[in-house]
Amino acid sequence: MTNLQLGIIVIGLLAIVAVLLFNWWQEKRIQQRINQQFPTNEFDPLLGNAHVENGRSDPSFVLEDKPEVGDDGVPKASVVQQHEEEGVDPMCETVFDIHFFTPVNGTQLIQHIQQFKYAGNKPIRYFAETADGFHRARIRAAELYTSLQMAVQLANRNGPMRSEEWDQAFMYADNIAHAFDATTESADKAQVLEQAQQLDQLCNESEAQVGVNLVLDGTQPVKAILEIAQRLGYEECGMGVVRLHESGKPLFLLLPGGNLSTEVRSAGVEHIELLIDVPNSYQIQKPFTHLVEHAHELAKALNAQVVDDEGKPLQRDNAVIPVIDQQLAEVYQDLDAKGLRAGSDRAARLFS
């Protein structure tokens, strides 16, 4: 190896070390700003103790319930002696009904179906009926079941259900039927795919997102940005960071570099986007005004500038803000009219 090659290697290593030291210094500087501006406080006066769990809608199974059992070890009755309200949503799900000839133990059923959570990219939910006639939105290990409903979502932001996704769901239902000696019923495939197309078109007509950008003072460490945001009341929710309403529903997203926090691939970013994903956002009065207020609050903490989509400064009194508020009010009204109320469980399933 020549002296020139060695020199190039040394210079490269020194450059890497310099970048690491610069990132450390930036993070240290922002950390000092955090400590100066925000006292440590576990209670957020704006949010109270609101908390929400979000993310992919995997089927839920309950393992800890222990009902009374007979001498043969078989449960005598259901753990909960009442119906559970949540059920299939006919507007956005197609159902495969599976009827068992003899009651099936919940533990065995859970072990078998937990591998069948998605048909392609369409989530599957499970509902069941106990041996003593109670509807279940969550399958319990310590109960017996006489029937199962496999509800497959018809559309989401990946598009409508495709033919191969329906085939995959049909295969799942057939697999369960063979494993537990059952019969299956389902809607006509062609009709289901047509319904999925219509639902997808309806959702596309209702898509709406609006946001603002915060231009940072150079590249800033993502970790430090998120720490400041959390001090101001932002929370991890599902795959990203959001501002929550007191009801626990998301109001808007915080996107470092324009990406969900879990999808950021660099240590630092030069801008942040605050985004109202309308179908997934809890409806409030003057949502864009609210967003801009919080944007300026965060910008002050980060020494950033709030700008619009064209990169122009966006002040709190900008005349466009009430106009956008009015436009959003119309979109929320349209969603309501279509049965897709913003922030609802149905909207969360369809606009995911």
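Look a little higher up for the structure.
Cut-offs and rules
Chains are numbered independently. Their residues run from 1 in the order of the written sequence. Given that the model is predicted, a residue must reach a pLDDT of at least 70 before its local features are reported, and side-chain atom pairs must reach 80 or more before they are shown or counted; all residues, however, enter totals for whole chains, interfaces and linings. As a rule here, side-chain values come from all non-hydrogen atoms in the structure, and water together with hydrogens is ignored. Paired strands, in this sense, are two strands between which DSSP finds at least two bridges. Secondary structure follows DSSP: runs of H or I at least 4 residues long count as helices, runs of E at least 2 residues long count as strands, and numbering of each begins at the N terminus. To obtain an axis, a line is fitted to C-alpha atoms, over the contacting stretch when the element is a helix, and the angle between two such axes runs from 0 to 180 degrees between their N-to-C directions. Here a residue-residue contact requires only that any non-hydrogen atoms of the pair lie within 4.5 Å. By convention in these notes, a salt bridge is any Lys or Arg side-chain nitrogen within 4 Å of a carboxyl oxygen on Asp or Glu. Throughout, exposure labels follow a simple rule: accessible area from a 1.4 Å probe, protein chains only, divided by the maximum for the residue type, with under 20% read as buried, over 50% as exposed, and the rest as partly exposed. What counts as a ring pair is set by centres within 6.5 Å for rings of Phe, Tyr and Trp (its six-membered ring), and what kind of pair is set by the plane angle: stacked under 30 degrees, edge-to-face over 60, tilted for all other angles.

K.L.:
What is the right way to read the sheet that holds strand β13 (residues 240-244) from this model?
P.N.:
Note: strands within a sheet are paired through backbone hydrogen bonds, in either parallel or antiparallel orientation. The strand order across the open sheet built from six strands is β12-β13-β14-β15-β11-β16, with neighbouring strands paired in antiparallel fashion. What marks the edges here is a single partner per strand, and that holds for β12 (234-237) and β16 (305-307). Pairs of neighbouring strands in the sheet enclose a mean axial angle of 30°, with direction left out of account. Its contacts with the sheet put helix α5 (residues 222-231) on β11 (209-221), β12, β13, β14 (250-256) and β15 (268-277), and the angle it makes with β11 is roughly 125°. On the sheet, helix α6 (residues 287-302) packs against β11, β12, β13, β14, β15 and β16 and is oriented at approximately 5° with respect to β11.

K.L.:
Is there a simple way to explain the pattern of salt bridges in this structure?
P.N.:
Tallied over the entire structure, the rule returns 20 salt bridges. Among the salt bridges present, the one from Arg-346 reaches Asp-89, with a minimum N-O distance of 2.7 Å. Linking Arg-346 in helix α8 (residues 345-350) with Asp-89 in the loop between β1 (61-62) and β2 (93-105), this pair joins segments that are 257 residues apart in sequence. For Asp-89, a relative accessible area of 6% translates into the label buried. Across the salt bridge formed by Arg-316 and Glu-293, the nearest N and O atoms sit 3.0 Å from each other. Taken together, the positions of Arg-316 in the loop between β16 and α7 (320-337) and Glu-293 in helix α6 put the pair 23 residues apart, joining distant regions of the chain.

K.L.:
Before we go on, may I ask you to explain the packing of aromatic side chains in this structure?
P.N.:
For any pair of aromatic rings, geometry is given as the distance between the ring centres together with the angle between the planes. As enumerated under the stated definition, the model contains six aromatic pairs in all. Between Phe-96 and Trp-166 the ring centres are 5.6 Å apart and the planes differ by 50°, which places this aromatic pair in the tilted class. Highlighted residues: Phe-96 in strand β2 and Trp-166 in helix α3 (residues 163-180), separated in sequence by 70 residues. Pair check on accessibility: Phe-96 and Trp-166 agree, each one buried. Judged by centre distance (6.5 Å) and plane angle (65°), the ring pair of Phe-96 and Phe-170 falls under edge-to-face. Here Phe-170 lies in helix α3 and Phe-96 lies in strand β2, a separation of 74 residues in the sequence.

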